Amino acid sequence: MIKHIVWYIFVFVAVLLNACTAHVDPVEPDTPGADSTWDIPTTLPYAEENRIAFLSLYTTPEQLIAEGDDDEACAWLWMHETFPKAVFLPFEQIGEHTLDSMRVLFWLRDVETGKIEDVTTIPESAMTAAPFIREWYIAGGNIILWGHAVLYIETLGRLPEGTYTAPKHEWICGCGSGNLDMGHWLMSVQLFPGRKFKKDHSTHPLFKGISIYTNNDIRGFMVKGPGWTEDHNCVFFNYPSEITGRSWQAEICYTLLKDYYGITPLATWDSQISWVSQLNVYELKKGNTEYQGRAICIGNGGCEFSMKNYRQTGTDGGGHPIYETSSDLSAHPHNNCYQDNILLMARNAINYMRHGNE
């Protein structure tokens, strides 16, 4: 579990305001890439909504809603409302040429069994579909992976198999039923390694329209308020320094990661801004690979699509409260006071991806 610190004054102000590839020696870029502008190409039209697909382990939307995880079900309800012509696409239906007309794939996976092996084991239907998705991704398709689905980036070959779980990478993963947490969780969109240099990603299209709060060190926004929290982080550390061979507080580490390896760490927990280390919310472009498409991975445990309802039903032998939870199945779940930030980020991700490659 990642425990992050949000200064009381900062939270108070925020609430008042409403709230990788192959391991080869890199060639250093001649000049660092720009970090303050993230232009979306204007020469390409947006892809039609029917070129967006919601990936699922379930055969039909009805089965997902009846039998599936609440976050996965709410993600579909939200997508169906926001992009009515988006396609519900079961993995088991993906074969040769299935994805020919698709521009964007979206997969949110949420495991609540408490067993890490259930997270690391990619379901059979998703494994069977992987070669077809990989070929589509290499050819220029764009994919958004959310929650525990971020591990699929390894299955698709964009990161080496086992990257997340390698002991030297300090993988943090939660997959339990959750607990009551009355904190406010802040995600930073700016790095400030060693207080030497800043990399501000607040202008990236993923965060368009989201109010960014700032103090002397942090720029970011709230992702989760008080309530029943699953805390399903799926993030890992240390990889940027490993592949670049540079200090995680040196600007060249960030520059090589972004410009050579095609990996941009767009957001981290607020406690992790002092290092180019945590891959929490990040984008993968081509870099030195064959992948013409892009991917966005969102493994932040505060980015739940639906926080559960809860009520106290009694106390245990030690006097501790016992809670009962139930799903809040809706396109607009109401238990997170910062839910609009999550849904806006999801909408931004899809619109950014459907526009074409930069």
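Thresholds applied
Each chain carries its own residue numbering, running from 1 in the written order of its sequence. Selection of residues for local features in this predicted model requires a pLDDT of at least 70, selection of side-chain atom pairs for listing and counting requires 80 or more, and totals for whole chains, interfaces and linings are taken over all residues. Side-chain numbers here rest on the full set of heavy atoms in the structure, without hydrogens or water. Secondary structure elements follow DSSP: runs of H or I of four or more residues count as helices, runs of E of two or more count as strands, with numbering from the N terminus. Each residue is assigned to one of three classes by its accessible area relative to the maximum for its type, calculated with a 1.4 Å probe on protein chains only: buried under 20%, partly exposed between the two thresholds, exposed over 50%. Polar contact is the term for a pair of N or O atoms within 3.5 Å; when the atoms are in protein, one must be able to donate a hydrogen and the other to accept it, and sequence-neighboring residues count only if both atoms are side-chain atoms. Across the chain, each position has a pLDDT score giving the predictor's confidence in that residue, from 0 to 100. Whether two residues are in contact is decided by their heavy atoms, any of which lying within 4.5 Å being enough. Here the expected length of a helix is defined as 1.5 Å per residue gap, with one fewer gap than residues. Salt bridges, as used here, are contacts in which a Lys or Arg side-chain nitrogen is within 4 Å of a carboxyl oxygen on Asp or Glu.

## Overview of the side chain of Asp 231
Argument step 1. Structurally, Asp 231 is set in the loop between strand 12 (227-229) and strand 13 (234-235).
Argument step 2. Judged by relative accessible area, Asp 231 falls into the buried class, the value being 5%.
Argument step 3. Only 2.9 Å separates the side chain of Asp 231 from the side chain of Asn 233, close enough to count as a polar contact.

## What to know about the confidence of the model for the chain
Detailed reading of predicted coordinates is not advised where the pLDDT is low.
Argument step 1. Residues with a pLDDT of 70 or more make up 87% of the chain, whose mean pLDDT is 89.
Argument step 2. The low-confidence segment residues 1-42, where pLDDT is below 50, has 105 contacts with residues more than four positions distant or belonging to other chains.

## Some points on helix 9 (residues 339-354)
Every α-helix winds through 3.6 residues per turn, so residues three or four apart in the chain are directed the same way.
Argument step 1. Over its 16 residues, helix 9 runs 23 Å from end to end, which matches the ideal 22 Å to within 8%, given 1.5 Å per residue.
Argument step 2. Most of helix 9 sits inside the fold, with 13 of its 16 residues counted as buried.

## A look at the pattern of salt bridges
Argument step 1. Applying the stated criterion across every chain yields a total of ten salt bridges.
Argument step 2. With a shortest N-O distance of 3.0 Å, Asp 200 and Arg 219 are connected by a salt bridge. Of the two residues, Asp 200 is situated in strand 9 (residues 199-200) and Arg 219 in strand 11 (residues 219-224); the sequence distance between them amounts to 19 residues.
Argument step 3. By relative accessible area, Asp 200 is classed as partly exposed at 23%.
Argument step 4. Given the relative accessible area of 23%, Arg 219 is considered partly exposed.
Argument step 5. Ionic pairing is found between Glu 230 and Lys 308, a salt bridge with its closest N-O pair at 2.7 Å.

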